[in-house]
Amino acid sequence: MTLTATRPATAVVKPPVKARRGSFRWPLWVLLALVSVITVSPFFVMFVVALSPPGEPTLPVQWPESLSLDTIVDLLSSSGFAGWTVNTVIYALVSVLITLLTASMAGYAFAKKRFPGRDTMMWAFLATLMVPSQATLIPMFVLISNLGGVDTFWGLIVPTLANSQAVFLMRQFIRDLPDELFEAAKVDGASEWRVYWQIVIPLIRPILATLGVFVFLWHWNDFLWPLVMAQSDEMRTLTVGLASMRTEGSSLAVLMASAALSVLPCLLVFALLQRYLVNSITMTGLK
């Protein structure tokens, strides 16, 4: 009887799953880094030109010999730019507060209340999105002008408060809130205002922050309506003021400094409310 030695089979060792996945990630990282550089480069050039002394060569021709804050300081000390900034802050913040209040109330009514013609009214309200704002610009100006709203804050703010997108967004978010909360509040004798203020508002804070960012950016960067309504230099907003500076022949450094200062509040608002934006996206995905 002869014994034959059998050769042990060699096991095939597969690389870990994480290692295999990691080998395919570096092209994605390179692509994301390239896209980030392309996205940030115009802002970088804008800030460098804003910090360059007027009249000296700067980007994109060559790197400036020195950087200073003289242009920005002179711009901030000018009464025109400061007044435009105050007007824009009032226009944006007041519009955000009133839009969030009215949109959340309307969204709560359309989502949780039953009344005749509710769905018809909602779809009719959404149908206004198909009408371009340019088509209603002249009739709205004539109406506000007849009411004496030209060169006033209320004439600048009131026509922009009817935001059907905001109402629809609030309605869709509030619809997913459990009805048991509202029924329990009614059993405890809570009034409609108390239900709205103590139940609805705390639960919709993420979507309020998200909508607030969108409305703020829209009003901060709005140009056409302030151009029509603000006919005096004292009522101009930043966008209209920057356009007037360009027509008046201001230097490139002054224009870039003005643009850089106008961008900073938008970045600040986004940085402060970024946590709420992420929460709203996460909650929307879970729903």
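Just so it is clear, the structure is predicted and the values come from calculations on it, not from any experiment.

(A) Up close: the pattern of salt bridges. Tallied over the full model, the rule gives 5 salt bridges. The residue Lys-112 makes a salt bridge to Asp-179 at a minimum N-O spacing of 2.6 Å. Placement of Lys-112 in helix 4 (residues 79-112) and of Asp-179 in helix 9 (residues 179-187) is noted, with a sequence separation of 67 residues between them. Its salt-bridge partner being Asp-233, residue Arg-236 comes within 3.1 Å of it at the nearest N-O pair. The structure contains a network of salt bridges with shared partners spanning Lys-113, Lys-186 and Glu-192.

(B) Structural view of the packing of helix 11 (residues 205-220) against helix 14 (residues 252-272). Across the interface, helix 11 lies against helix 14 with an axial gap of 10 Å and an inter-helix angle of 175 degrees. One element, helix 11, and the other, helix 14, form an angle in the roughly antiparallel class. Packed against helix 11, whose contacting residues are Val-213, Phe-216, Leu-217 and Trp-220, the element helix 14 presents Ser-262, Pro-265, Cys-266 and Val-269 at the interface. The class makeup of the residues in the contact of helix 11 with helix 14 is 7 nonpolar, 1 polar and no charged.

(C) Highlighting the packing of aromatic side chains. Across all of its chains, the model carries 8 aromatic pairs by this definition. Taking the centre distance of 6.1 Å and the plane angle of 50 degrees together, the rings of Phe-110 and Phe-115 count as tilted. Aromatic ring contacts, followed pair by pair, group Tyr-108, Phe-182, Trp-193, Tyr-196 and Trp-197 into a single cluster.

(D) Local environment of the environment of Ala-103. Along the polypeptide, Ala-103 turns up in helix 4. The exposure class assigned to Ala-103 is buried, which follows from its relative accessible area of 2%. Taking the C-alpha atoms as reference points, Ala-103 and Gln-165, separated by 62 residues in sequence, lie 8.9 Å from one another. Those residues in contact with Ala-103 that sit more than four places away from it in its chain are Ala-166, Val-167, Met-170 and Leu-211.

(E) Seen up close, the nonpolar core. Of all hydrophobic cores here, the largest spans 44 residues; its most connected members are Met-170 and Ile-204. At 9 residues, the largest contribution of residues to this core is made by helix 4. Non-local contacts of Met-170, meaning those with residues more than four positions away in its chain, are made with Leu-100, Ala-103, Ser-104, Gly-107, Ile-204, Ile-207, Leu-208 and Leu-211. Ranked by size, the runner-up nonpolar core spans 8 residues in total, among them Leu-137, Ile-157, Leu-161 and Trp-225.

Conventions and cut-offs
Residues numbered from 1 in each chain as written. Predicted model: local features only at pLDDT ≥ 70, side-chain atom pairs only at ≥ 80, totals over all residues. Heavy atoms only, no water. Salt bridge = Lys/Arg side-chain N within 4 Å of Asp/Glu carboxyl O. Helix = DSSP H or I, 4+ residues; strand = E, 2+ residues; numbered from the N terminus. Axes fitted to C-alpha atoms, helices over the stretch in contact; angles between N-to-C directions. Parallel < 35°, antiparallel > 145°, perpendicular 65-115°, else oblique. Contact = heavy atoms within 4.5 Å. Nonpolar A, V, L, I, M, F, W, Y, C, P; charged D, E, K, R; others polar. Phe/Tyr/Trp six-rings, centres within 6.5 Å; stacked < 30°, edge-to-face > 60°. Buried < 20%, exposed > 50% of the residue type's maximum accessible area, 1.4 Å probe, protein only. Core = buried A, V, L, I, M, F, W, Y, C linked by side-chain atoms within 4.5 Å.

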